[in-house]
Amino acid sequence: MPSIVTPAEDTSERRLEFWRDVVSQSFVPLEALPRKTPDFRAELHTARIGPVQVSVITAQPHAIARTRRHIGSAPPDYVKVNLLLNGRCVLSQGGNQTELGAGDLAVYDTRRPYSLDLDRPYRGLVLMFPRDLLRMPERDLARVAATRVPCHQGIGTLVRPFLDGLVRQVEQSESLDTPRLGHNVADLIGTLLTEYVGVDRAPGDEGRDLLVRRILTYMEQRLDDPALGPDEIAAAHRVSRRHLYKLMAEEGYTVSGWLREQRLARCRRDLGDPALRHLSVGAIGGRWGFPDPAHFSHAFKAAYGMSPREVRAGRAPHPPEAGRG
């Protein structure tokens, strides 16, 4: 499990440049900007739990910015979750901006520009994983991005001790080689954010959002049915196909696009599960609505840049590890 510390012998300016390269290679391309600190230093501990990258960062005041130049034409489709352990920071993304204190959590999307201004010595836990693992409608993710999610109430009181345990394990370089645990981490964060969005939702949204949640749940429960389509989904919820398309568009999806993304995410999960090694690649595709192995392989490679067989062999698509380009 890599641990990286800014070089003691360099100047503060060179250490900041070194840190910019570290965070860009460990997460996604970023810019590290100086603040008024006479002696910048930083440290990164990182580990991987299946598809989830777990990092603990300790740093002197500085700022981080991800701009459209960093994102480019094919942005990596990840979310980052930041639990502030000590210090204070201001997070901005889209039209949202929030100040985080110790014990606060926030999520942000690597497909869109964001910035983090750390005006005090900082220590935090950062999780990064593919957005589809969050299983959260696009509209809700945009709403919750760069907002303060307190961990001292509701489900947060259960999530915080679990995340504190991850911090201890990563800093002590203990093994976290449990792929299924990574999906549990993403599910736990998704549950916390869903509860928070529900609390924060305007009363007028409840009827529409309840319908969307029912539609998404209905589709999720039938991902294994390759014949599932808009007509059946619309009829089951007593809406027109046109209205179904409108609701899904507001979430940032088409019906077929959402089904494909979720099916492929389940296939990727199962391909990495040692308990399912007895199933062929084609059988795993068939379990999740891809009866044609050739079509499954093509769709999977188009989505993840690797074939299902490559992922099964251990070359799972994930962010670069710390210290690697």
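Reading the values: the criteria
- Residues numbered from 1 in each chain as written.
- Predicted model: local features only at pLDDT ≥ 70, side-chain atom pairs only at ≥ 80, totals over all residues.
- Heavy atoms only, no water.
- 1 Å grid on protein atoms, 1.4 Å probe; cavity = no way out; pocket = protein on both sides within 12 Å on 5 of 7 lines; lining within 4 Å.
- Points joined across faces, edges and corners; volume = space filled by probe spheres on them.
- Helix = DSSP H or I, 4+ residues; strand = E, 2+ residues; numbered from the N terminus.
- Nonpolar A, V, L, I, M, F, W, Y, C, P; charged D, E, K, R; others polar.
- Phe/Tyr/Trp six-rings, centres within 6.5 Å; stacked < 30°, edge-to-face > 60°.
- Lys NZ or Arg CZ within 6 Å of the ring centre and 35° of its normal.

Enquirer: Is there a simple way to think about the layout of surface pockets in this case?
Expert: Rolled over the atoms, a probe as big as a water molecule pinpoints where empty space is left. Each pocket or cavity is described by its volume, and for the second largest pocket that value is around 430 Å³. As for the second largest pocket, its lining consists of 23 residues, and the residues nearest its centre are Leu134, Arg135, Met136, Pro137 and Thr194. Contributing elements (two or more residues each) for the lining of the second largest pocket: helix H5 (179-200), helix H6 (206-221) and helix H9 (255-271). Residue contributions to the lining of the second largest pocket peak at six residues, all from H5. In the lining of the second largest pocket, the residues fall into eight nonpolar, six polar and nine charged.

Enquirer: Even after reading the chapter, I still don't get the packing of aromatic side chains, so can you show me in this structure?
Expert: We describe a pair of aromatic rings using the distance from one ring centre to the other and the angle between the two ring planes. Using the criterion set out here, one finds four aromatic pairs in the structure. Summarising the aromatic geometry, the rings of phenylalanine 290 and phenylalanine 296 are spaced 5.4 Å apart at their centres and angled 35° between planes, so their arrangement reads as tilted. What links up through ring pairs into an aromatic cluster is the set Phe290, Phe296, Phe300 and Tyr304. Above the plane of the ring of phenylalanine 27 lies lysine 80, whose end atom (NZ or CZ) is 4.5 Å from the centre. The residue whose ring lies beneath arginine 222 is tyrosine 218, and the NZ or CZ to ring-centre distance is 3.7 Å.

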